[in-house]
Amino acid sequence: MTTEAARKVIHERAPGVTARVGLILGSGLGSLADLVDGIAIDYSDLPGFPQAGVSGHTPRLVLGTLEGAPVAVLGGREHYYEHGRADAMRVPLEVLSALGIETLIATNACGSFRADIPPGNLMLLSDHINYSGLSPLIGEPTDRRFVNLTEAYDLELRAALKREAQTLDIPLLEGLIAWWPGPMFETPAEIRAQKLLGADALGMSTVPEVILGRFLGLRCAAISVVTNMAAGLGNEVISHEHTKASAPVGAEKLAQVLRAYLSKAG
Ligand code: HPA
């Protein structure tokens, strides 16, 4: 019902609008939305969209074209840690799906474990570990809830993003992210544990959205911007202020890769 109500608002503001690619912009990564030629609708006008928000996010839905591709951009997300709801982004993603998107690209900030993917760099997600143990599909009554996540991060889409990064001479190594529920950062012991399990980075979002994206049948990819080495692995003092201040370095590279990808997706 809420999804219908949000669709109605969109229909009133932008009759007949459709989109092919959905983007979720993470902390400090929102500036890409400013480049979209189209209309913006504040989340506060959209039932079921995140209403409070986290500093560093821009809570609006932007619909239009970017590099010629019809896009729907979520300028901010709700995280599990805000209200304890792992399915917080279900309505926005259902709305994007109803607008016609086939591809979802999520972005987020993360703490890296990898010396070869230091702060200021991008990491293309190859897979995830749901360290939180939470599910955005609890309560879904249909058999569609049994989502296959074998290839959650689409191989072709990853190859296309890597090709664009290579052409731009922007390093885009693949890595595996673990979902940390937050909002507190991790202890060094937790980072060591995750390293043993094979993770390359930790983040507080994206994983539930990719699960929902697969649930909705979307082709998914995700790019993390490394804002810091994870706890115990670097010298910087980890904080949200640091995340917001560091994100723009990687955000610039992220914008270049996404724009190059979109210029061919139109
Ligand atoms: N851990 C979890 N999430 C993050 C981090 C981190 O170190 N940095 C930015 N987002």
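Residues numbered from 1 in each chain as written. Predicted model: local features only at pLDDT ≥ 70, side-chain atom pairs only at ≥ 80, totals over all residues. Heavy atoms only, no water.

Asks: Explanation requested: the overall build of the protein in the structure shown.
Replies: On a plain count of helices and strands, the protein comes out with seven helices and nine strands. C-alpha extents for the protein along the principal axes are approximately 50 × 40 × 35 Å. Buried positions account for 53% of the 266 residues belonging to the protein. Of the contacts made within the protein by residues no fewer than 6 positions apart, 82% connect residues no fewer than 24 positions apart. Total accessible area computed for the protein in this model is approximately 11100 Å², and 52% of it derives from carbon and sulfur atoms. Separation between the mean location of the 22 positive side-chain charges and that of the 29 negative ones in the protein comes to 2 Å. (Helix = DSSP H or I, 4+ residues; strand = E, 2+ residues; numbered from the N terminus. Buried < 20%, exposed > 50% of the residue type's maximum accessible area, 1.4 Å probe, protein only. Contact = heavy atoms within 4.5 Å. Areas by Shrake-Rupley, 256 points an atom, 1.4 Å probe, with all protein chains shown as cover. Lys, Arg positive; Asp, Glu negative; His and termini not counted. Charge placed at Lys NZ, Arg CZ, Asp CG, Glu CD.)

Asks: What should I look at first to understand the packing of aromatic side chains in this one?
Replies: Remark: the centre distance and the inter-plane angle together describe each pair of aromatic rings, the angle taken between the planes. If you walk through the whole model with that rule in mind, you get three aromatic pairs. Between Y131 and W180, the ring centres sit 5.5 Å apart and the planes meet at 40°, which makes this aromatic pair tilted. In this pair, Y131 is assigned in the loop between β6 (122-129) and α4 (155-168) and W180 in the loop between β7 (172-179) and α5 (188-197), connecting sequence segments 49 residues apart. Cation over ring: R144 sits above F215, and NZ or CZ is 4.3 Å from the ring centre. (Phe/Tyr/Trp six-rings, centres within 6.5 Å; stacked < 30°, edge-to-face > 60°. Lys NZ or Arg CZ within 6 Å of the ring centre and 35° of its normal.)

Asks: Mind showing me how you'd approach the pattern of salt bridges here?
Replies: Side chains that differ in sign of charge can pair as their charged atoms come close. Using the criterion set out here, one finds 15 salt bridges in the structure. A salt bridge links D45 to R13; its shortest N-O distance comes to 2.9 Å. Of this pair, D45 sits in the loop between β2 (37-42) and β3 (60-66) while R13 sits in helix α1 (residues 2-13), and the two are 32 residues apart along the sequence. The partly exposed category is assigned to D45, whose relative accessible area is 33%. Since its relative accessible area comes to 41%, R13 is described here as partly exposed. Taken together, the salt bridges that share partners define one network made up of R90, E94 and E140. (Salt bridge = Lys/Arg side-chain N within 4 Å of Asp/Glu carboxyl O.)

Asks: In this structure, what is going on with the environment of Q51? I would like to understand it.
Replies: Position of Q51 relative to the elements: it lies in the loop between β2 and β3. Residue Q51 is classed as partly exposed on the basis of its relative accessible area of 47%. Measuring from C-alpha to C-alpha, the distance between Q51 and P188 comes to 33 Å, with 137 residues separating the pair along the chain. With sequence-adjacent residues up to four places away left out, Q51 is seen in contact with Y43, S44, L46 and E78. Looking at Q51, its side chain comes within polar contact range of the main-chain oxygen of Y43, at 3.0 Å. (Polar contact = N/O pair within 3.5 Å; in protein donor to acceptor, adjacent residues only side chain to side chain.)

Asks: Explanation requested: unusual backbone geometry in the structure shown.
Replies: Phi is mostly negative for residues that are not glycine, and the peptide bonds are mostly trans. Between G182 and the following residue, P183, the backbone shows a cis peptide bond with an omega angle of -5°. With respect to the element layout, P183 can be found in the loop between β7 and α5. Of note, E67 is a non-glycine position whose phi angle comes to about 55°, a positive value. Assignment of secondary structure puts E67 in the loop between β3 and β4 (69-74).

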